[in-house]
Amino acid sequence: MRIEGRCHCGAITIEGEADPEQVTLCHCTDCQTGTGSAFRVSVPVSGATFKMMGQPARYLKTTADSGNPRIQAFCPTCGAPIYSTSPGDDPRPSYTVRVGILRQRDRLTPKRQIWVRSARPWVTEIAAIERSELPTVPSLKPS
Ligand SMILES: [Zn+2]
Ligand SMILES: [Zn+2]
């Protein structure tokens, strides 16, 4: 599948080819910290098809949960996570792109969950949490 993405502020755009069967949801503590959320959803994009406009900031995590050093790339302006990859010169063999920045994210449903040991206990029961179209917390209500 052809994919196109942009960070929140638009300074960085990417495109490439991704296999929807490879979409993975990761519950590891690195992904929780790196997203500021409960988990991360990513899809690999081969280096041969990956194109990027703009210059991300890169952070080398040498003690990733996986045990392998990983480059984390994110927008230096808005902080949106863009991808992770193995250390070395571009192009890398593969870029693990963050699905939340992709225009096609509606069609990129996770096919597997990994690092479930560190999953937040409520994620499996998320459907039971009160649902609303608008924020119900008073301070988040649009004024
Ligand atoms: Zn940005
Ligand atoms: Zn992870």
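These numbers come from a predicted model, not from an experiment.

Caption draft 1: Just the environment of L102, in detail. Secondary-structure assignment places L102 in the loop between strand 9 (94-98) and strand 10 (112-114). In this structure L102 comes out as buried when scored by relative accessible area, which is 0%. Between the alpha carbons of L102 and T33 there is a distance of 21 Å; along the sequence they are 69 residues apart. With near-sequence residues (within four places) excluded, L102 lies in contact with I3, E4, G5, I14, V43, V97 and L108.

Caption draft 2: Spotlight on the packing of aromatic side chains. Under the criterion given, the structure shown has three aromatic pairs. For the ring pair F50 and Y95, a centre distance of 4.2 Å and an interplane angle of 15° mean the geometry is stacked. Here the residue F50 occupies a position in the loop between strand 4 (40-46) and strand 5 (51-53), and Y95 occupies one in strand 9, the gap between them amounting to 45 residues. Classification of Y95 by relative accessible area gives buried; the value is 2%. Three or more aromatic residues joined by ring pairs form one cluster here, namely F50, Y83 and Y95.

Caption draft 3: Seen up close, the coordination of the zinc ion (ligand 2). In this structure, C26 (SG), C28 (SG) and C31 (SG) serve as the protein donors to the zinc ion (ligand 2), at separations of 2.1 to 2.2 Å. One chain supplies every donor to the zinc ion (ligand 2), and in sequence these donors are spaced C-x1-C-x2-C.

Caption draft 4: Summary view of the pairing of strand 2 (residues 13-17). Across the two faces of strand 2 the burial differs, with I14 and G16 buried and T13, E15 and E17 not buried at all. Where strand 1 (residues 2-6) and strand 2 come together, five bridges link them in antiparallel fashion. Paired with E4 across the bridge in strand 2 is E15. Counting the residues in the hairpin turn of strand 1 and strand 2 gives six residues, including G10, whose phi is positive at 90°.

Cut-offs used in this document
- Residues numbered from 1 in each chain as written.
- Chains lettered and ligands numbered in written order.
- Predicted model: local features only at pLDDT ≥ 70, side-chain atom pairs only at ≥ 80, totals over all residues.
- Heavy atoms only, no water.
- Helix = DSSP H or I, 4+ residues; strand = E, 2+ residues; numbered from the N terminus.
- Buried < 20%, exposed > 50% of the residue type's maximum accessible area, 1.4 Å probe, protein only.
- Contact = heavy atoms within 4.5 Å.
- Phe/Tyr/Trp six-rings, centres within 6.5 Å; stacked < 30°, edge-to-face > 60°.
- Donors = N, O, S within 2.8 Å, 3.2 Å for Na, K, Ca; no water.
- Pairing = 2+ DSSP bridges.

Purely spatial values, then, with no claim about function.
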